[in-house]
Amino acid sequence: MMKKILAAIFAAALLVSMFGCTVDPVGTKPAAPGEAIEIAKSLGGNPLGGFDAEGNLTYGGDPSVMIDGDTLYLYVGHDISAGESYVIPEYLCYSTKDMVSWTYEGVVLSMKDVTWADRSSAWAGQVAKHGDKYYFYFCSWDKTDGGKQSIGVAVADNPKGPFVDIGTALVKGSFTTNETSGWNDIDPTVWIETDEQGVEHRYLCWGNGKLFMCELNEDMVSVKDYNGDGKITFGADVKEKTAPKAFTEAPWIYRRQDENGKYYGPYYLFYAYGWREQMAYATTDDLMNGTVTYQDTIMHPSATSNTNHMAVFDFLGKTWFIYHNGSLPKGSGFRRVACIEELVFNEDGSVPFLEETATGMNGTISTLTTLKGDVLAHENYRNSSDDKDYPYQYVAIGSNMKGQQTYDTYWEIVPGKYDASNTSYVSIESYNKAGLYVTYGATAAYMSQDHNGEMAVQQTFKTVMGLAGKGVSFECIANPGMYLSIVDGAATLTDGSDQEACSFIIATVEK
């Protein structure tokens, strides 16, 4: 079960001290060494979604957001693939008012109801409100246009849908000539703004490999005819922009606001960079006519997904960066989930590097130190750009790892993946390699992604009173009597005879 679904069950655990854990959960008697205890668990970390109305594990990628009043709506394409290919039949919605509690709102647009599109290809989209209507810009393979990808739009009276397609593609793939692939026309992003002369502009941008831009008419479902000649012309009404460095896909337009809500400064174009996809951004002073200038990469490839797709927005007085990864069990670039980090601009307006994290916005970071002073860490490495290096398995863990950085000693302790209802069960997830967990084999301990969805037992430990009389020991649930230990700098499993090597003090880290 997902962390968010279990929040109510485990809310009381947040009140239990993470330092020492010398009493049982209700504090009625001291716990003896080796006796099961409950420790506080992180319940507010990434991912954001990953569940349906019944609490079932549900994948969804290419996140976008739309804010309406005091509510934020998160939209994702529903990944249902059993293999390594895209099977995305519909779009799902989640909502929140506080960025802590999320509500599953269900299917808002199904591709079976889009007559021109492929039924299994609900690729990336974005919702915008204009007037009293909501417009969902999306993309899919176009059965009426030689199988190219096209940009569509569907309309609703409610942000929760149902959205109804207008009956034909808004921009067909064949319209944007000089193509390099059949999927140049994907990933629409929309931006609505009133300029200093009081004129409203409704921009639509999209692309893969190529970058396209146009303005929409006030009806939001047709392209603006700039010269009034009665026809829409590629190159004049729909422009191909010079794409920024290593532009792959997933453009997202954003602009900063002052304390009065007035937009200022350049437009930011966030996008997926290279392969495996990193996150990057460019800037321009004029969306339709200005040069889009590359600035920097801001997030490395995900540890668990080959693609990434962001949404950048302001809500509750802060700026947020939502993206996706494959951190759920059996996750990959074809079974994704939305995650979030706070984005704090540098004083000069540049965007700082963002770490993909397991704790996200509200999770708790912990360090684990044995009574001998060994701090549990994992091997330091930058996520590879080579597909053959994935999934990450058998990553070394221990103390004083080669190349170790501070973040490599950070962990998120969450309810046990094997049985989250057992309050003495935990799993230990890497802070900066989200989706990778401390894992035990026959005798060794290492870090691994649950790439096949079958590693819950190996990635769950029972928390017991430290065998040395204080701290916490982590006992293998499938191999009772064997404990996570650090011996000679390496993480391993032992019978606990070296009590200080398998007794850990847990400390929380301020973000």
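Given the structure is predicted, the values throughout are model-derived calculations rather than measurements.

Quick word on the overall build of the chain
And step 1. Secondary structure summary: the chain contains one helix and 31 strands in total.
And step 2. The globule rule puts the C-alpha radius of gyration for 511 residues at 24 Å, and the 24 Å found for the chain is close to it.
And step 3. Taken along its principal axes, the extent of the C-alpha atoms in the chain is 85 × 45 × 40 Å.
And step 4. The buried share of the chain, reckoned over its 511 residues, is 58%.
And step 5. Residue pairs at least 24 apart in sequence account for 58% of intrachain contacts in the chain once pairs closer than 6 positions are excluded.
And step 6. With an accessible surface of roughly 19500 Å², the chain has 49% of that area assigned to carbon and sulfur atoms.
And step 7. Seen as two clouds, the 37 positive and the 65 negative side-chain charges of the chain have centres 2 Å apart.

Some words on the confidence of the model for the chain
And step 1. With 94% of its residues at a pLDDT of 70 or more, the chain shows a mean pLDDT of 93.
And step 2. Residue range residues 1-28 is modelled with pLDDT below 50. Its contacts to residues more than four positions away, or to other chains, number 69 contacts.

Re the nonpolar core
And step 1. Within the largest apolar cluster, 40 residues are counted, with the highest numbers of intra-cluster contacts made by Tyr75, Phe136, Tyr137, Phe138, Phe163 and Leu204.
And step 2. Breaking this core down by element, the ones donating at least two residues are β2 (71-79), β3 (90-96), β4 (103-110), β5 (123-130), β6 (133-141), β7 (149-156), β10 (200-206) and β11 (211-215).
And step 3. The element that contributes the greatest number of residues to this core is β6, accounting for six residues.
And step 4. In this structure Tyr137 touches Ala124, Gly125, Gln126, Gly152, Val153, Leu170, Pro188, Val190, Leu204, Leu216 and Met220, once residues within four positions along its chain are discounted.
And step 5. Counting 39 residues, the second largest nonpolar core, distinct from the first, contains Leu74, Ile298, Met299 and Ala311.

Parameters and conventions
- Every chain begins its residue count from 1, and numbering advances along the sequence as written.
- This being a predicted model, a pLDDT of at least 70 is required before a residue's local features are given, and a value of 80 or more before pairs of side-chain atoms are given or counted; all residues contribute to the totals for chains, interfaces and linings.
- Computation of side-chain values: all heavy atoms of the structure, hydrogens and water removed.
- Strands here are runs of E lasting at least two residues and helices are runs of H or I lasting at least four, both read from the DSSP assignment and numbered beginning at the N terminus.
- Here the globule rule is a power law, 2.2 Å times the number of residues to the power 0.38, and the radius of gyration is based on C-alpha atoms.
- Here the term buried applies to any residue with accessible area under 20% of the maximum for its type, exposed to any over 50%, and partly exposed to those in between, with areas from a 1.4 Å probe on protein chains only.
- Throughout, a residue-residue contact means that at least one pair of heavy atoms, one from each residue, lies within 4.5 Å.
- Using a 1.4 Å probe, accessible areas were evaluated by the Shrake-Rupley method; residue-level cover was limited to the displayed protein chains.
- The charged-residue count follows a simple rule in which Lys and Arg add positive charge and Asp and Glu add negative charge, with His and chain termini not counted at all.
- Every charge is mapped to an atom, namely NZ of Lys, CZ of Arg, CG of Asp or CD of Glu.
- Known as pLDDT, the predictor's confidence for each residue is given on a scale from 0 to 100.
- By nonpolar core is meant a set of buried Ala, Val, Leu, Ile, Met, Phe, Trp, Tyr and Cys residues that side-chain atoms within 4.5 Å join together.

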